[in-house]
Amino acid sequence: MTDRPLITIGIPVYNGELYIGITLQSIIDSLQGVFEKNKIEILVSDNKSIDKTLEIVKSFSNDCIIQYHCNKVNIGYDGNIDAIVKRSNGKYVWFLGCGERVKMDSLSRLLKKLDNDIEYENILLDFDIYDESRCSITNKRVFDFDNDVLLEGKNNFKYNKYGSAVSSNIINREKWLQVIDKDLVVNGWCHIERILNIIALNNNSKTLLLAYPYFTLYREKDGWWTKTNSYLLLLLLLHINVIRSMLKMGYDKEVVNRLEYSQSRLALIGAVVQSKSYGLKIGKKLFSDLFKIFKYDYFFWLFVIPLLLLPNRLIIIPRMIWKFLKLMRKVLNNV
């Protein structure tokens, strides 16, 4: 029996006074269903907040032991994620975003799934999404399957082996430390690149996908995605650059091509539709970035360019088509 925690819940935060209390309270509530509470560690990593984040974290000191670390300077998202792993003691680290709500039974469920002799490179969690602007949960489940899935093998990408939402990722701490010095291709997606590098370490790597929501992602009304009207489209371009870098990590070319192809079709249409819903305006730089990636792709010229030029007020039509295509893909995947 070891005193080492099994799971470190690492919360990166910067000026989180509005939401950090929500997240911490949900963890404390979920801990009530855990018998061996020493298997859970809570770690808040503050990127030099200038609001009342520290005061709020301290107000929870009577409920449970929370480790709080404040970086000397704001080291950015990537630096803060790496810092959480370095400071953690758990075998696994769950990156939980400030504002997310852990489900009441999540921690007890997680301990049952992970407290065994199997060594996972990473774990991917299902979740639901609460949209503050609509005051309701808009996505009840993100995964399209009803049972847990174990993906074995480095090049086994039947499903995604990482989540763009940082909170859906639990990683193997020791494996992360093995790849922590590798250069990053893009900024702000550290968890995805590190996870891909972790999986590439072992040809027999194991990724566990856990069905049924473990937390609620909080999509606040004035979140970071509202700061630019093309945020989803820009994220997709970053994602494609990360996928292309997988060749240097040692992944099979066929796998990389297939992943890039999937992001260049339905995902691309979805990103354009969603971005235009936020009032997307095509500037020279954005079009130049798109052209660099898709200039030889007939799909881009036949479908994406017309959609980009479509007046934003008419976006409801392709949006309905996009939702129908997503539904059909889900149905076909379950057949």
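Everything discussed here concerns the structure shown above.
The following refers to the structure shown. Everything numeric in this text was worked out from a predicted model, so none of it was measured. (Residues numbered from 1 in each chain as written. Predicted model: local features only at pLDDT ≥ 70, side-chain atom pairs only at ≥ 80, totals over all residues. Heavy atoms only, no water.)

## Focus on the nonpolar core
In terms of nonpolar packing, the biggest core is built from 38 residues, with W94, L107 and L110 touching the most fellow members. For this core, the secondary structure elements donating two or more residues are β1 (7–13), α1 (20–31), β2 (40–46), β4 (92–95), α4 (106–114), β6 (122–125), β11 (206–210) and β12 (215–219). Of all the elements, α1 adds the most residues to this core, at five residues. In terms of nonpolar packing, the next biggest core, distinct from the first, is built from 30 residues, V85, C190, I198 and V255 among them. (Core = buried A, V, L, I, M, F, W, Y, C linked by side-chain atoms within 4.5 Å. Buried < 20%, exposed > 50% of the residue type's maximum accessible area, 1.4 Å probe, protein only. Helix = DSSP H or I, 4+ residues; strand = E, 2+ residues; numbered from the N terminus.)

## Examining the state of the cysteines
Applying the stated rule across the entire model yields zero disulfides. We note that C64 lacks a disulfide partner, and the nearest cysteine sulfur, in C98, lies 15 Å from it. C64 gets classed as buried once you look at its relative accessible area, which sits at 16%. Free of any disulfide, C98 has its nearest neighbouring cysteine sulfur in C70, separated by 14 Å. (Disulfide = S-S within 2.5 Å.)

## With respect to unusual backbone geometry
In this model, K48 sits at a positive phi of 65°, which is unusual for a non-glycine residue. A positive phi is found at Y212, a non-glycine position, where the angle reads about 75°. In this structure, Y212 sits in the loop between β11 and β12. Judged by relative accessible area, which is 42%, Y212 ranks as partly exposed.

## Focus: the pattern of salt bridges
In this structure the tally under the stated criterion is 17 salt bridges. For K113, the salt bridge goes to D148, with nearest N and O atoms at 2.5 Å. With K113 in helix α4 and D148 in the loop between β8 (136–139) and β9 (149–152), this pair connects stretches of sequence that are 35 residues apart. Here R141 ties to D146 by a salt bridge, and the two come within 3.0 Å at their closest N and O atoms. Each of R4, R173 and E174 takes part in one network of salt bridges that share partners. (Salt bridge = Lys/Arg side-chain N within 4 Å of Asp/Glu carboxyl O.)

## Describing the packing of helix α3 (residues 76–87) against helix α6 (residues 190–200)
The N-to-C vectors of α3 and α6 enclose an angle of 50°; their axes lie 9 Å apart at closest approach. In this view, α3 runs oblique relative to α6, as classed from their interaxial angle. Between α3 and α6, the residues in contact are Y77, D78, I81 and D82 and C190, H191 and R194, respectively. Residue composition of the contact of α3 with α6, by class: three nonpolar, one polar and three charged. (Axes fitted to C-alpha atoms, helices over the stretch in contact; angles between N-to-C directions. Parallel < 35°, antiparallel > 145°, perpendicular 65-115°, else oblique. Contact = heavy atoms within 4.5 Å. Nonpolar A, V, L, I, M, F, W, Y, C, P; charged D, E, K, R; others polar.)

All we've got here are geometric facts, nothing functional implied.
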